[in-house]
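A structural walkthrough
These are the residues of each chain, in order.
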Amino acid sequence: MADYESATSFLGEWGPFQRRVFLLLCLIVVPNGLSPFAVVFFADTPPHSCVIPARLNLTAAWRNSSIPLVAAQDGRLVPSQCSRYRVGDLQEFSQRGLVPWVDVNLTQLPREGCLDGWEYDRSVYVATIVSEWDLVCDDGWKKPMTSSLFFSGILVGSFCSGQLSDRYGRKKVLFVAKGMQTLLMFIQTFSSSWTMFCALHFLVGIVQISNYISAFVLGTEILGPQMRFLFSTAGANIFFALGYMLLPLMAFYTRDWRNLLLCISLPTLVYIPFWWLIPESPRWLVSQGKVEMAEAIIKNAARKNKLESPQTIFTACEKEVQSAPRKNHNMCDLLRSRNMRWLSVTLWLVWINMNIGYFALSLNTSNLAGDMYFNCFLSALVEVPAYILSWVLFRWCPRRLTLCPTFFLGGLCLFVIQLIPANLHAVGITLEMMGKFCLTVVFSIIYAYTTELYPTVLRNSALGACSMAARIGAIVAPYFIFLRSYSVSLPYILMASLSVLSGVLSLLLPESFGIPLPDDPDDVQPFPGCCRKNYSHARTTEEETIPGKQVPESLSKLQENNSDGLAEAVSFSPFK
C-alpha cells in the first residue's frame, strides 16, 4: 500500500513510538522459542529396564542376572530395556539353589516382555511423559508422535490464523492466542493420560503459531520500511533464539515435566499490560474502512515522536484503494500455468527438506554426547549469528549463490559426522552445530526470497502454501530422530542427502537480487532459472512496449521494492 507509506512518512523510521513497538513485539516472540523444543526435555527417555517384582523370592545373584544383555549399536553389551528372562524360570532356578552362568547358561533361557512395567533412572529427571506413561518399547512410537501432533497443530494454525487476523484484527488475534496458549499449557500440566496431553499439545501448536504470525504481521505493518526489514530478518528471530536459550536453563532447575510446563506458561502473564501499549495495525484498520481509528493511532504516534501530524491522513488513500479494480486470486493459481507450477513445486520441496533438517537437529540435542542442557543451549546460541549473517547475505548477495553453497555446506557437515570416531565427541557436536548454523541461515533467507519470486497478487497465498509445506517437514522431523533406534548414522545420511538435494534445486530457481518484484503472474521469471535469458533486460524491453509500464528509476528504487515485498513475507515468517 504505497499511499499508506507516503501518508505516514512524516512519522520517521525510529522514533520513540517505533522503538516501543519494535521492542514489545520482539519480547512477545520470546516464549515462542520455548514450546517447540521443550519436548527435548519433558519427553526425554531415561535409562530403563523391566521391573522384577519384589514378591518373587529370588537370590541376589538371580535378581542381578534377570535382565538379558543385548548388543548396542556400538557393539557393547548392555542390559535390555524391553525384555527380561521369564520370571517363572528365574524363581524355579533360585529355589533349586542353582547359580547363574555356573549351573545355568542364561543365553538359552526364554525371554518375555516387561509385563510388570519398567523402572527408570531418576538421576537426571524426576519424571518425563515417557517415564510417567511408559512410552517405550512397543509404545516407543508415541514419543515422536507427540512432537508431530504439535507441528500438526502448527499446520492447522498456519492455515487459519491469517484468515482470523484479516477478519478480526492483528492485535485481537495476537492477545487471544497468547492467552489461550497460557491457559492450555497450564491445563496440560494436569494431564492424566498421554492422549489428553497430546490433544492439548495439538491445540497449543495452533494458538502458538497464531500469536507468532500475528506479532510478525503487526510489527511489519506498523514499522517503516527500514525497521520492518530489520524486524523481520533479525530482530524477532534473535529474540526467538533468546527464548530458545532460556529453555535449557529452565529445564536444568525443573527436572519434572509438569513443573517445566508451568515455568514456560505462567511467565507469559507478564504480557497482559502489553495490550495497552501495543496498538492495532493502522494498515488493517484502513483496509476495513475504520479510517478514524487508524488516524487516531497515527496521531498518537506523532505525539510520542513529538511531531505534528496532518489533520487528514488516510482519506485520499481510502478512496483510491476502494476505487481500484481488483481480480481475485487464490492458491489454485500457483499451479495453473506450467511456469508457476514448476516454481511452486520446487519451492515446496526445498521448504520441506529445510524444515526436516532444522527441526530434526533441534530435537536431537538430547541424544548428543555430553551434557544435554549445554548442547541445547549451544543449539540455540548458534542461531543468533546465523540470523545476523542471513540479514547481511540477503541485503548484499545473490539469492541462489547464497542458498546453494549454504545447503551444500550444511549437508557436508552432517555427512561427515558419521565418519568421526565415536570417542571424538567434541568434533561430532561441532559438525552438528555447523550443520544447524547453515540450515538456520537458509531458514531465515528462504522466506524473503520466496516473496521476491511470486507476483504481488499471489504473494501471500504463495507464502501460505510454502509455510504449510514447511509444516509437513516439521511433522516428519521427529521420526528422523526415531530412526536412531535402527542406526545412529541413518538420520544424518538422510538429512545430508536432503540438504544437498535442496542445494541443487535452489540452482533451478530464478535469481531475484536487484530485480523488481513481479506484479502479475505473467511477470514471473521463467523456470528453470539456470536456462533463462537475462531477465532484467527482457523485463525492461517488455515494459518499454507496454503503455502504463515504467522501468524503475534507480537501483535504490529496486531495493525499496524488495523491502516492501519482504514485508508481506513475514505474515508467514517461520514459527520455528
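Predicted, not measured: the structure shown is a model, and the values here were computed from it.

A count of helices and strands for the protein chain gives 23 helices and six strands. Expressed as a percentage of its 576 residues, the buried residues of the protein chain come to 54%. Once local pairs closer than 6 in sequence are excluded, the contacts in the protein chain between residues at least 24 apart make up 79%.

Turning our attention to the packing of aromatic side chains. Evaluated as defined, the whole model comprises 24 aromatic pairs. On the basis of an interplanar angle of 85° and a centroid distance of 5.1 Å, the ring pair of F252 and Y253 is categorised as edge-to-face. Among the residues examined, F252 registers a relative accessible area of 37% and is labelled partly exposed. In this structure, K178 is placed above the aromatic ring of Y271, and the distance from its NZ or CZ to the ring centre is 5.3 Å.

Right, let's talk about the state of the cysteines for a bit. Taken as a whole, this structure holds two disulfides when the rule is applied. Between C50 and C114 runs a disulfide, and the two sulfur atoms are separated by 1.7 Å. Across the S-S bond linking C50 and C114, the dihedral sits near -60°, which makes this disulfide left-handed. Of the two residues, C50 is situated in strand β1 (residues 48–50) and C114 in the loop between β5 (111–112) and β6 (118–120); the sequence distance between them amounts to 64 residues.

Between helix α8 (residues 170–188) and helix α11 (residues 257–265), whose axes approach to 9 Å, the crossing angle comes to 165°. Of the possible angle classes, the one that applies to α8 and α11 is roughly antiparallel. Seen along the crossing, α8 lies across α11 with a hand that is left-handed. Residue-level contacts link T182, M185, F186 and Q188 of α8 to W257, L261, L262, I264 and S265 of α11. Residue classes in the contact of α8 with α11 are distributed as six nonpolar, three polar and no charged.

Here we take up the environment of E92. The residue E92 is located in helix α5 (residues 87–95) in this model. Sequence separation of E92 and L58 is 34 residues, and the distance between their C-alpha atoms is 9.0 Å.

Turning to its location among the elements, N237 is positioned in helix α10 (residues 225–253). Along the chain, N237 and S444 lie 207 residues apart, while their C-alpha atoms are 8.3 Å from each other.

Should their charged atoms come close, side chains of opposite charge can pair. Following the criterion strictly, the structure yields six salt bridges and no others. In this structure, E112 engages R84 in a salt bridge whose closest nitrogen and oxygen atoms are separated by 2.9 Å. Here E112, found in strand β5, pairs with R84, found in strand β4 (residues 84–85); they are 28 residues apart in sequence, far enough to count as distant. Both residues of the pair, E112 and R84, count as buried. One continuous salt-bridge network, built from bridges that share partners, spans R84, E112 and D116.

What follows is about helix α9 (residues 194–222). Between its terminal C-alpha atoms α9 stretches 42 Å, which fits the 42 Å expected from 29 residues at 1.5 Å a residue. Judged by how many residues are buried, α9 sits mostly within the fold: 24 of 29 residues are covered.

Below, the discussion takes up the side chain of H48. Here H48 is to be found in strand β1. Among the polar contacts made by the side chain of H48, one reaches the main-chain carbonyl oxygen of P46 at a distance of 2.9 Å. Apart from the residues lying within four places of it in its own chain, the contact partners of H48 are S80, Q81, W118, E119, Y120 and V136.

A word on unusual backbone geometry. You will see that D134, though not glycine, has its phi angle at about 55°, which is positive. Topologically, D134 is positioned in the loop between α6 (129–133) and α7 (142–168). The backbone of C137 sits at a positive phi, close to 55°, despite the residue not being glycine. Along the chain, C137 falls in the loop between α6 and α7.

Together, L183, F186, I187, F190, M196, L266, L269, I272, W275 and W276 line one region of the surface with nonpolar side chains, adding up to about 990 Å² of accessible area. Looking at which element gives the most residues to the nonpolar patch, the answer is α8, with three residues. Assignment of secondary structure puts F186 in helix α8.

Attention shifts here to the packing of helix α16 (residues 372–381) against helix α17 (residues 383–396). The packing of two helices is summarised by the inter-axis angle and the distance between the axes. With their axes 5 Å apart at the nearest point, α16 and α17 run at an angle of 10° to one another. Compared by their axis directions, α16 and α17 come out roughly parallel. Each of S379, A380 and L381 in α16 lies in contact with α17, whose residues at this interface are E383, V384 and P385. Split by residue class, the contact of α16 with α17 holds four nonpolar, one polar and one charged.

About the thresholds
- Residues numbered from 1 in each chain as written.
- Predicted model: local features only at pLDDT ≥ 70, side-chain atom pairs only at ≥ 80, totals over all residues.
- Heavy atoms only, no water.
- Helix = DSSP H or I, 4+ residues; strand = E, 2+ residues; numbered from the N terminus.
- Buried < 20%, exposed > 50% of the residue type's maximum accessible area, 1.4 Å probe, protein only.
- Contact = heavy atoms within 4.5 Å.
- Phe/Tyr/Trp six-rings, centres within 6.5 Å; stacked < 30°, edge-to-face > 60°.
- Lys NZ or Arg CZ within 6 Å of the ring centre and 35° of its normal.
- Disulfide = S-S within 2.5 Å.
- Axes fitted to C-alpha atoms, helices over the stretch in contact; angles between N-to-C directions.
- Parallel < 35°, antiparallel > 145°, perpendicular 65-115°, else oblique.
- Left-handed = near helix turned anticlockwise from the far one by under 90°.
- Nonpolar A, V, L, I, M, F, W, Y, C, P; charged D, E, K, R; others polar.
- Salt bridge = Lys/Arg side-chain N within 4 Å of Asp/Glu carboxyl O.
- Expected span 1.5 Å × (residues − 1).
- Polar contact = N/O pair within 3.5 Å; in protein donor to acceptor, adjacent residues only side chain to side chain.
- Patch = residues over 30% accessible without salt bridge, like charges linked within 9 Å, V, L, I, M, F, W, Y side chains within 5 Å.
- Areas by Shrake-Rupley, 256 points an atom, 1.4 Å probe, with all protein chains shown as cover.

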